[in-house]
Structures are given as C-alpha cells and as structure tokens.
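Residue-level structure breakdown
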Amino acid sequence: MMTEKQTAAEKIITDAMANPSPAKSMGDPGITPLSPSHIQQTDTDQVESQLSFVVVVAIDFGTTSSGYAYAFTKEPECIHTMRRWEGGDPGVSNQKTPTTILLTPDRKFHSFGYAARDFYHDLDPSESKHWLYLEKFKMKLHTTANLSIDTDLHAANGKRVKALDIFAYALAFFKEQALKELSDQTGGEFDNNDVRWVITVPAIWKMPAKQFMREAAYKSGLVSRENPEQLIIALEPEAASIYCRKLRLHQMVDLGTQTSQNGFNATDNVGSGMTQGDRYVVVDCGGGTVDLTVHQIRLPEGHLKELYKASGGPYGSIGIDYEFEKLLCKIFGQDFIDQFKIKRPAAWVDLMIAFESRKRAAAPDRTNPLNINLPFSFIDYYKKFRGHSVEHALRKSNVDFVKWSSQGMLRMSPDAMNSLFKPTIDHIIQHLTELFEKPEVSDIKFLFLVGGFAESPLLQHAVQNMLQGRSRIIIPHDVGLTILKGAVLFGLDPSVIKVRRSPLTYGVGVLNRFVEGKHPPEKLLVKDGTRWCTDVFDTFITADQSVALGEMVKRSYTPAKPSQQVIVIHVYCSEKESVGFISESGVRKCGTLRLDVSGTESTAPRREIQTLMQFGDTEIRAMAVDVSTGRTVKASIDFLSH
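Residues numbered from 1 in each chain as written. Predicted model: local features only at pLDDT ≥ 70, side-chain atom pairs only at ≥ 80, totals over all residues. Heavy atoms only, no water.

Naming follows an unreviewed UniProt entry, where the chain appears as Heat shock 70 kDa protein 12A of Seriola dumerili. Quoted verbatim from the Subunit (unreviewed entry) field of the UniProt record, the comment on the chain reads "Interacts with SORL1 (via cytosolic C-terminus); this interaction affects SORL1 internalization and subcellular localization." (UniProt positions renumbered as here; feature names shortened; annotations may be inferred.)

Dropping the structure here:
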C-alpha cells in the first residue's frame, strides 16, 4: 500500500531517470538502471521472527570493559546482568570485566577479562614474553581506514595476531559464559538456537566495522551464516536511549538538583516527564568513543525517531591513559617507556591499573594530591636503563605538578590530573557545542550522560558548564550498564526505533543519456551511435536523510549478457549530501553489491533483476528478485573485502 505522497515522490524520482540506459563499459559491467523508486513497507511486513527465541542475550563488547545481560521473552521487564566475575579492581565496582584477552604461546585461547590479566601478571617475565596479551583492541576497528578480514592487531609483546581471531575468541568466550549461566538458571542444557544475540557497536562506526563484528560472530559460532537474523547489531547510544526513556525517577541523578529524585512517586519515569514529541540527546561516553544521538519520542508507544545523524569520535576515556603515558614519556623518556612496555609488560599493566583507580578519584573540587604506585620493577628497570634513579628523573624533568613522594609514589597535584583529562573533555564539549548549534537540535529537554566515562565528575562538570541549564542533565544510576540493558530491550523489540538518519550518502555509478550543456564533455561516451554520460552518481540515499524502518530503495539492473552468472556493482559513498559524479572528491568506493543470477536463466529477451536495499536498520541489507520468473536472486552487499 502506498500513500499518495510517496507515489508522487516516486514519480519525480522516476522522471529524473526516465530512459533506461545500458551500463557504462568501464568498471561496472552489465548494469542498466531501469526504474528507481522508494517503497515504504507497512509495519505489518516487519513482523519480527522473535517469537522463536526464548531469550535475548546482549553482549556489550567495550573498549575497556565488557559484559552481557539477558532477558527471557516471557518476562521482558526482568533484565538479568551477568553473574559477578572473579577478580576485581580497587575503586571499580561493576559487573563488567576488562576487555583483555590472553593467548598461549602457540596462539590458542587461554582466558579473558580479570582471569587473563591476573594469569598474565603472575607469569615469570622470561615466560610472559612468549604469551600474547591484548587489551583496548576494539579501537582498531574504528581507526583502521581500510579494514578487512585480514587486519592485524599487536599483542603486548609486539607480536601480530589476526583481529578477526581475537574478536571471535572473545565472542566465543561470552557465548560459553552466557549459555552456562542460562543452563544453570533453567536447570538443563540450554540450546544456542533459542537465543537471539545482540552485539553493541558505536553509532559512529562505519559499515565495514559493523560487518567485521558480524563476521567475527560467524567465526566464533555465536550464530551461523545461514541464520543471520539470530544476531542483531545494536548501536550503543540507541540502546542507551531505549533504556533511558523507561527510567524510573529513583534510578537516576538529575545534575541540576544533584539528588536522586526520591521525592517523587517511584513509579514515575522520565517517560512520565516526557510528552509527545519531546527531544533529547544521549551522550554515550565509553572507553574508546563518544557517540552523540538525538532522538524524539512518539507516544503512546514510545517509538523513537532520530533527528540528526550520529556524531562523535574517538574521545573515550582511554584518551586520558594516553595523556598519562605521554606524561611518563616526558619525565622518563620515550625510549625507556617503549622498552619497559615490551620488556616488563605485566608491570606496565599494573601501572595502568594503579592509574585507573586514581583517574576515578579525580574531581573538579579536589585539593589533595593523587598518589600513583610505581611498580618495583619500574623503579628497578629505570635504574638499570638510565643509570640514575626515578627520583632523580623527576627532579630533573621540567614537569611541574608531579613530584616523588618518599613512599615511592608519583604524587600528582589535582591540576596535573585535570590536565590529563582536558584534551579528551575539550573534544567532547566541542562536539556537543557544534551539535547544539544545528537547527534540528533545538528544544532539547533532556541530556542523558551514559557509558562508563559518564561517571567522571570532571566530565559532568564540563557538560553542565556548557549547557548552562538549557537541558536537564540526567545520569542513570547504573550508568556503566545502561547500554547493556538497553541492548536487551532492543533485542526484544528491534522495531522500537522507527526512523533513523543515514550517516553517509550512498549510490552507484551509472550511464545517463548525454545532455549538451548539462554534462561535462570529458564524461561523453559514444556507444553504437548513442551518446552517454559516464560516472553519473545514482543516489540511493543522502547523508542525514530520514529513513523509516523497512523503507526500501528499489533499483532494477539487467545482465549485460544472457549467460552472465553474477552481477557485481560497486557501491560508492560520500559525507557530502549532494553528489553528481562518482569521480568527485570525497566520493570513495566503499562496497560491492553482488547479485548471483545463476540458475535464473530465462527465455525472456531482457532479464530484469529488481534489487531492494534497506537503509533504515543498523546494518544495510539487500534483496533481489528476477522479475520475469519471480524467483529470489541471492543478493549480498559487502563492505569488507576491498
């Protein structure tokens, strides 16, 4: 069923490319665009196959810490967070475990989380250098420009390992832990086929990184390639948003009043403070990235609509760790720190754990210094390396604010600690300021601060200063588990987010009839007496365009030769909203659409393969059909294998 408005819109789109054209001869063999259009599916087509799942398990695979939570489909209100883990850190109380992984010298999985860290730490240095220990490796997926199945990671000892293997090991570990817990809960062997899995990723991640996560899930045995719907990729701030709109007033702190909202009826939720059409911003501050999402609530169902494309960047709390490392390099020399990390990796891990607990003690009004224990092997190794003491290095360095205490500790003044936070917090505030200047981002009623880094009083203070009371700043109590719980809710009902914004402009290169004066002469191609314009960018969807869930972009393609088995179409993307040609600057090839037309040969003089692409979900999907036979054509869209 189509509304009048859509049919009109479709007409405009179709007219723009009214005459079908043969594919350009270079690069994209055998593509003829026929009639493009958008289809809006009604919600009834979107009936999820969720009824077949008994439980939803969400894995929050974080940069610094990870965990899982679950809910049975029969009791969706009751979200269980994973059992307490062995090990733990001073000053860090939560149910998540560090995202650290240890492989044996022959590259087999050994352990994950606290167990990996503690075991690695207790190895003799002569032995530990053969073991492969990795931490904070998730950021590699964000920072690698041309991510592929073969992307490498470096372990603490400098050896290279395949990123896909590491991610698959981690997911396999979570699968095993969760199934074990579910089996104990239900008193029988729990079947993986009864689980719908959800994995969270930052909203600012590009498609290759999301697809990489999915590939790792296939490799780990979490789900099989034959049953892709069993795994949903959830966007972290979206998950947080779904959870936050259901918050009860006693489950959060309103920074404006600095109290837990206890004077209210406990059954009130923020939702009760939310009225139809309210807009709010979710600022998800994690270990690696900061994601900003703008949502509007549609009542009574509480469906969400995204108002502006996700923004943010690599400004998570590990930025503070890097600043600390830079400070150590300034005092003790980069050459020493690089050597120490490789030669005494376990002691380096210890030092960073000691820093972590002090980092959590930083606050805007703090006046007394923060002491950081230097491991004995740091002091010892430095003396061997330089021939003088750590104390001497501190006296000699021109770093103010950091002194040596007689108890063998680095003593940092609060100013020194605050200066480590400054670059990261400045980035976040700059992003927020730019976001609030956008016309789409006006009248924001609430700002939810979530993610582990949201617990930082320094960050809270900076956000308050920036907003000057324009919005209410809300911090959920269990801020580190917000995303996890929201991801479970998302897995129970993925259709809750009805409208998203496309982060990029996507399209393909086609030929159009050459129009004098409109098309540049260098794009002219004459073929069998017809004049074509090459490299025309046929836009599927533009950056920041609203896309409803289930909305399809429809294109028809025709194989160049009747015997052709596979049609391969290059997909291009750009951050710019309007793109004329695939050769423009800022347009890059980002994926391939493969239509497997083997076995659909027909006697029809002209075969038309109708392709439907879905951009309204957390991942881009494609489907295709051979129009003359009505048979489904295997269609896949790949962003990784370039």
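Still to come is the rest of the account.
1. Side note on the sheet that holds strand β6 (residues 100-103)
Read across the sheet, three strands follow the order β7-β6-β8 without closing on themselves; strand pairing throughout is antiparallel. Across the chains shown, the open sheet's two edge strands, defined by having one partner strand only, are β7 (109-112) and β8 (132-135). Averaged over all adjacent pairs, the angle separating strand axes in this sheet is 20°, with direction ignored. (Pairing = 2+ DSSP bridges. Helix = DSSP H or I, 4+ residues; strand = E, 2+ residues; numbered from the N terminus. Axes fitted to C-alpha atoms, helices over the stretch in contact; angles between N-to-C directions.)

2. Examining the sheet that holds strand β20 (residues 409-412)
Strand order in the open sheet formed by three strands is β18-β20-β19, and the pairing between neighbours is antiparallel. A strand with exactly one partner marks an edge of an open sheet, and here the two such strands are β18 (370-373) and β19 (402-405). Strand after strand, the sheet turns through a mean of 30° between neighbouring axes, direction not considered. Taken together, the four bridges between β18 and β20 define a ladder with antiparallel strand orientation. The residue bridging Leu-370 from the neighbouring strand is Met-412, located in β20.

3. What to know about the packing of aromatic side chains
This structure, assessed with the given rule, holds 31 aromatic pairs. Plain terms: the ring middles of Phe-540 and Phe-615 are 6.3 Å apart, the flat faces sit at 50° to each other, and that makes the pair tilted. Here Phe-615 lies in the loop between β31 (609-614) and β32 (621-626) and Phe-540 lies in strand β26 (residues 530-541), a separation of 75 residues in the sequence. The residues Phe-540 and Phe-615 share a single accessibility class, namely buried. Linked through ring pairs, Phe-332, Phe-336, Phe-340, Phe-378, Tyr-381, Tyr-382 and Phe-385 together constitute an aromatic cluster. (Phe/Tyr/Trp six-rings, centres within 6.5 Å; stacked < 30°, edge-to-face > 60°. Buried < 20%, exposed > 50% of the residue type's maximum accessible area, 1.4 Å probe, protein only.)

4. Here we look at the confidence of the model for the chain
With 86% of its residues at a pLDDT of 70 or more, the chain has an overall mean of 86. The low-confidence segment residues 1-38, where pLDDT is below 50, has 81 contacts with residues more than four positions distant or belonging to other chains. Under a pLDDT of 50 for its full length, residues 40-50 has, in the predicted model, 18 contacts with residues more than four places off or in other chains. (pLDDT = per-residue confidence, 0-100. Contact = heavy atoms within 4.5 Å.)

5. Digging into helix α5 (residues 163-186)
The end-to-end C-alpha separation of α5 is 35 Å, in line with the 34 Å expected for 24 residues at 1.5 Å each. Phi turns positive, to about 70°, at Gly-187, one or two residues after α5. (Expected span 1.5 Å × (residues − 1).)

6. Some details on the layout of surface pockets
For the second largest pocket, the calculated volume is near 900 Å³. If you go around the second largest pocket, you meet 45 residues; those closest to its centre are Thr-64, Ser-65, Ser-317, Glu-356 and Arg-360. Elements with a minimum of two residues in the lining of the second largest pocket: β5 (97-98), α2 (114-122), α9 (318-332) and α11 (345-359). Here the element with the most residues in the lining of the second largest pocket is α11; it accounts for five residues. The residue makeup of the lining of the second largest pocket, split by class, is 13 nonpolar, 18 polar and 14 charged. Both domains that meet at the lining of the second largest pocket, namely domain 1 (55-235) and domain 2 (252-256 + 269-476), each give it at least three residues. (1 Å grid on protein atoms, 1.4 Å probe; cavity = no way out; pocket = protein on both sides within 12 Å on 5 of 7 lines; lining within 4 Å. Points joined across faces, edges and corners; volume = space filled by probe spheres on them. Nonpolar A, V, L, I, M, F, W, Y, C, P; charged D, E, K, R; others polar. Domains from an automatic or database assignment.)

7. A word on α2
Taken residue by residue, α2 has Tyr-114, Ala-116, Arg-117 and Tyr-120 as its buried positions. Summarising the axial view, the buried residues of α2 lie within an arc of 165°, below the 170-degree limit, and thus occupy one face. Buried-residue contacts for α2 involve β5, β6, β7, α3 (125-128), β8 and α11. (Arc of directions from axis to C-beta.)

8. Examining the side chain of Asp-538
Relative to the helices and strands, Asp-538 is located in strand β26. Of the polar contacts made by the side chain of Asp-538, one reaches the side chain of Arg-555; its length is 2.8 Å. (Polar contact = N/O pair within 3.5 Å; in protein donor to acceptor, adjacent residues only side chain to side chain.)

9. Observations concerning the environment of Ala-170
Inspection of the secondary structure assignment puts Ala-170 in helix α5. Considering only alpha carbons, one finds Ala-170 and Ser-111, 59 residues apart in sequence, at a separation of 9.1 Å. The residues touching Ala-170, leaving out its near neighbours within four places in the chain, are Phe-61, Ile-101 and Phe-112.

10. A look at the packing of helix α10 (residues 334-343) against helix α12 (residues 376-386)
Where α10 contacts α12, the axes come no closer than 11 Å and their chain directions differ by 125°. Taken together, the axis directions place α10 and α12 in an arrangement best described as oblique. Crossing of α10 against α12: the hand is right-handed. Two secondary-structure elements touch here, α10 through Asp-335, Phe-336, Ile-337, Gln-339, Phe-340 and Lys-343 and α12 through Ser-377, Phe-378, Tyr-381, Tyr-382, Phe-385 and Arg-386. Looking at the contact of α10 with α12 residue by residue, the classes come out as seven nonpolar, two polar and three charged. (Parallel < 35°, antiparallel > 145°, perpendicular 65-115°, else oblique. Left-handed = near helix turned anticlockwise from the far one by under 90°.)

11. Points about the packing of α2 against α11
Two numbers describe how α2 lies on α11: the axes approach to 8 Å, and their chain directions differ by 130°. Taken together, the axis directions place α2 and α11 in an arrangement best described as oblique. The hand of the α2/α11 crossing is left-handed. On α11, the residues touching Arg-117, Tyr-120 and His-121 of α2 are Pro-345, Ala-346, Val-349, Asp-350 and Ile-353.

12. Looking at the environment of Lys-403
Following the sequence through the fold, Lys-403 ends up in strand β19. Residues Lys-403 and Glu-391 lie twelve residues apart in sequence; the distance between their C-alpha atoms is 8.5 Å. With sequence-adjacent residues up to four places away left out, Lys-403 is seen in contact with Leu-394, Met-409, Leu-410 and Arg-411.

13. Some remarks on the pairing of strand β17 (residues 303-313)
Examined bridge by bridge, strand β16 (residues 290-298) and β17 share eight bridges and lie antiparallel to one another. By the bridge assignment for β17, Asp-291 is matched with Gly-312. Following β16, the chain reverses through four residues before pairing antiparallel with β17; Gly-302 in that reversal takes a positive phi of roughly 80°.

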